[in-house]
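Survey of secondary and tertiary structure
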Amino acid sequence: MQIFGAALVFVCDENFSILHNGGIVFEEKQDRILKVGDYKELCALYPNAKMSFYPNAVLLPALINAHIHFEFGSHLAQFCYGDFGAWLDSLMTSRDEVLNSGNSSESIILQGINEQINAGVGSVGAISSYGNDMPILAQSPLRVVYFNEAIGSNPSAIDFLYSNVLERLKNSKSLASSTFIPALALHSPYSLHPIMAQKLIELAAKDLMPLSAHFLESAQEREWLTQSNGYFKGFFSQFMNAANSKSLYSPKSFLDMLIPLQNNALSLTHCLHITQEEASIIKSLNASIITCPRSNRLLNNAFFKREFLLDSHIPLAIGTDGKSSNNNVNLLDELRAALYAYPQEEILSLSQSLLLSATLYGAKALGLNNGSLQEGKNVDFAIFEFSQPLFQTHQSHPNQSPLQFILHATKPTHLFVSTKAIL
Ligand code: MCF
Ligand code: FE
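Residues numbered from 1 in each chain as written. Chains lettered and ligands numbered in written order. Predicted model: local features only at pLDDT ≥ 70, side-chain atom pairs only at ≥ 80, totals over all residues. Heavy atoms only, no water.

- If you look the chain up in an unreviewed UniProt entry, it shows as Metal-dependent hydrolase from Helicobacter japonicus.

Listed below in structure tokens is the structure:
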């Protein structure tokens, strides 16, 4: 039996409860939190437990990076930012070079994994386009929801592409464990044929697999889905030899295809260009939205409109996206960027919401039983020690420790995933 305690415990429940001098109890090798509460009371209740208390620290659920591409990690400045079309063109031109660069892809993926651990991330939603990252992620100490991504809209290629995604899914299923969860991703409505999408949705529904898709990331995507016009018209004639093509979905028809997944963990990433009506459909699908603020700023000059959340109560998770659209994949840096992206919001409640996006709502988006320190949840937690207390109980102003945490957290001193210390 082990008890870990800290001056501040962020429970990461819906109300953002904070325990002063709180703690958690668990048994070695039993991946379930037994009890959460006052540290001294827990010690009295379990007098034989191994006890550790950290006075200048915050104990919180291990963070969750709900959307990351490990495969795109090698480049420094090959991609063009500031316009989605320019980015996608630069990605199409330098994709092979980036994927097969001088550094071995294995060392790049390991670097990405270390970057997660060093930022206190215990779980990731890893989007994999090729499967190169699969064995390394399966062996890593992270809890991984492994999204085998399907892409391809050209009818003559879909048989091959479909069997390729099935092969990757099969391989990922052979590696499945409580910390490596096979899942499916539909790249996006502009890049995926509906016949393939339909089959994969059926598969995901049958096995209750998590499913994720990039959705309405750019104005160009919206123009294509609603008018079959604009940047993507040129894109398809240039890269796919399909000059007269039309969009294969409307935003609504894409969302309607996801109806069989209401009981799955379902997430839509970006959603920068959704309407209120589409937000209501997303809500009715019981889906989560994943936002990647720095990627959105670099590729699309925008941040997710958090106003949509007020009326619709859609859970909002957060991710770094890949290094192809970010300067690093550090989730703490992502939270800091997000903090500065919404100056119109009250800063303390924004800080609380952002921390819930990186914990409670990340777990909801990925279908995990963690992200909150509650009885029965998996034993995934982080402890960040600071040189001074983040909050003094005699202070009369509201507890600003969630804000101070986002500002000052750099690296946890302890990180546990599935009861094991990984840092
Ligand atoms: O989320 C960002 C931006 N939107 C779309 N795709 C990607 C992102 N980061 C990496 N990608 C990958 C995607 O998985 O880029 C390729 C796919 O392999 C795009 S191919 C049209
Ligand atoms: Fe992405």
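1. Considering the pattern of salt bridges
- Per the stated rule, a full pass over the model turns up nine salt bridges.
- The residue Arg222 makes a salt bridge to Glu278 at a minimum N-O spacing of 2.9 Å. Here Arg222 is found in helix α7 (residues 219-227), whereas its partner Glu278 is found in helix α10 (residues 276-284), with 56 residues between them in sequence.
- What makes Glu278 buried here is its relative accessible area of 7%.
- Asp333 is the partner of Arg336 in a salt bridge, and the nearest nitrogen-oxygen pair spans 3.1 Å. Pair noted here: Arg336 and Asp333 are both in helix α13 (residues 331-341), with a separation of three residues, about one helical turn.
- A cluster of three or more residues bridged by salt bridges with shared partners is formed by Asp31, Arg143 and Asp380. (Salt bridge = Lys/Arg side-chain N within 4 Å of Asp/Glu carboxyl O. Helix = DSSP H or I, 4+ residues; strand = E, 2+ residues; numbered from the N terminus. Buried < 20%, exposed > 50% of the residue type's maximum accessible area, 1.4 Å probe, protein only.)

2. What to know about the site of ligand 1
- Surrounding ligand 1, one finds 17 residues, the nearest of these being Ser129, Glu149, His214, Glu217 and Asp321.
- The contact in question runs from an oxygen atom of ligand 1 to an N or O atom on the side chain of His214, over 3.0 Å.
- Asp321 has a polar side-chain atom sitting 2.8 Å from an oxygen atom of ligand 1.
- A per-element tally of the shell around ligand 1 places helix α2 (residues 84-99) first, with four residues. (Near = heavy atom within 4 Å. Polar contact = N/O pair within 3.5 Å; in protein donor to acceptor, adjacent residues only side chain to side chain.)

3. A few points about helix α5 (residues 158-174)
- The end-to-end C-alpha distance of α5 is 24 Å, a good match for the 24 Å that 17 residues give at a rise of 1.5 Å each.
- Among the residues making up α5, those that are buried are Ile158, Tyr162, Val165, Arg168, Leu169 and Ser172. With its buried residues spanning 125 degrees around the axis, α5 presents them on a single face. The exposed residues of α5 that point more than 90 degrees off its buried face are Asp159, Phe160, Lys170 and Ser174. (Expected span 1.5 Å × (residues − 1). Arc of directions from axis to C-beta.)

4. A closer look at the coordination of the iron ion (ligand 2)
- At the metal site, the iron ion (ligand 2) is ligated by His67 (NE2), His69 (NE2), His214 (NE2) and Asp321 (OD), and these contacts range over 2.1 to 2.3 Å.
- In primary sequence terms, the donor set of the iron ion (ligand 2) follows H-x1-H-x144-H-x106-D. With His67 in strand β5 (residues 63-68) and His214 in strand β9 (residues 211-215), this pair connects stretches of sequence that are 147 residues apart. For the pair formed by His67 and His214, the shared burial category is buried. (Donors = N, O, S within 2.8 Å, 3.2 Å for Na, K, Ca; no water.)

5. Brief notes about the environment of Ala138
- Among the secondary structure elements, Ala138 is positioned in helix α4 (residues 134-139).
- C-alpha separation for the pair Ala138 and Arg95, spaced 43 residues apart in sequence, amounts to 24 Å.
- Not counting chain neighbours up to four residues away, the residues in contact with Ala138 comprise Leu175 and Phe180. (Contact = heavy atoms within 4.5 Å.)

6. So, the sheet that holds strand β12 (residues 316-318)
- Reading across from one edge, β5-β6-β7-β8-β9-β10-β11-β12 is the order of the eight strands in this open sheet, with parallel pairing throughout. Each having just a single partner strand, β5 and β12 make up the two edges of the open sheet. In this sheet, adjacent strand axes meet at a mean angle of 25 degrees when their direction is disregarded.
- Judged from the three bridges that link them, strand β8 (residues 180-186) and β9 form a sheet pairing that is parallel. By the bridge assignment for β9, Leu186 is matched with Ala213.
- Sitting on the sheet, α5 touches β6 (121-128), β7 (143-150) and β8, and the angle it makes with β7 is about 165 degrees.
- Seen against the sheet, helix α6 (residues 194-207) touches β7, β8 and β9 and runs at an angle of roughly 150 degrees to β8. (Pairing = 2+ DSSP bridges. Axes fitted to C-alpha atoms, helices over the stretch in contact; angles between N-to-C directions.)

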